[in-house]
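Fold and geometry: a report
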Amino acid sequence: QVQLVEYGGGLVQAGDSLRLRCVASARISTNFYMAWFRQAPGKEREFVAAISWSTHYADSVKGRFTISRGNAESTVYLEMISLRREDTAVYYCASADSIITAAQALKTEAYNNWGQGTQVTVYS
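Attention here is on the structure that accompanies the text. (Residues numbered from 1 in each chain as written. Predicted model: local features only at pLDDT ≥ 70, side-chain atom pairs only at ≥ 80, totals over all residues. Heavy atoms only, no water.)

As a further point, take the pairing of strand S4 (residues 34-39). Judged by how many residues are buried, S4 sits mostly within the fold: five of six residues are covered. Two strands pair when backbone bridges link them, and S4 and strand S5 (residues 46-51) are joined in this way by five bridges, in the antiparallel orientation. In the sheet register, Trp36 faces S5, and the bridge partner there is Ala49. Counted along the chain from S4 to the antiparallel partner S5, the turn is six residues long, and its residue Gly42 has a positive phi close to 80°. (Buried < 20%, exposed > 50% of the residue type's maximum accessible area, 1.4 Å probe, protein only. Helix = DSSP H or I, 4+ residues; strand = E, 2+ residues; numbered from the N terminus. Pairing = 2+ DSSP bridges.)

See the structure below:
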């Protein structure tokens, strides 16, 4: 099973930027989706962004967040700009072990591997 570890969370002011990094214990083929989800207190885990050969974003982060993969194919990044208080959450990295559709990539149940999460807190 692939192990995922997230880095880069922290406490930032509204309007600031932050970059999250997720490192996998093994190379993950570009054919398999990697994604970021987040969970705020008292809320369900929600989709943020996913990447395979294409990228997908939640409407709430489009234009502000960018997902990308490292050249080694074991790393995925989430570049976040213009952060808002409502972006405060624990951010989780996830990866799939098989080929899934773009529609499936938006759902937590499509992913087999999860990191432990990293806290992002935005204050104003």
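Structure shown, so let's carry the discussion forward.
All chains considered together, the criterion is met by four aromatic pairs. Ring plane angle 75° and centroid distance 5.5 Å describe the contact between Phe37 and Tyr111, whose orientation is recorded as edge-to-face. In this pair, Phe37 is assigned in strand S4 and Tyr111 in the loop between strand S9 (89-95) and strand S10 (113-114), connecting sequence segments 74 residues apart. With relative accessibility at 1%, the residue Phe37 sits in the buried group. A relative accessible area of 5% places Tyr111 in the buried class. Taken together, the ring pairs in this structure connect Phe37, Phe47, Tyr111 and Trp114 into an aromatic cluster. The ring of Tyr7 has Arg21 lying over it, and the distance from NZ or CZ to the ring centre is 4.7 Å. Positioned above the aromatic ring of Trp114 is the side chain of Arg45, whose terminal nitrogen or guanidinium carbon lies 4.9 Å from the ring centre. (Phe/Tyr/Trp six-rings, centres within 6.5 Å; stacked < 30°, edge-to-face > 60°. Lys NZ or Arg CZ within 6 Å of the ring centre and 35° of its normal.)

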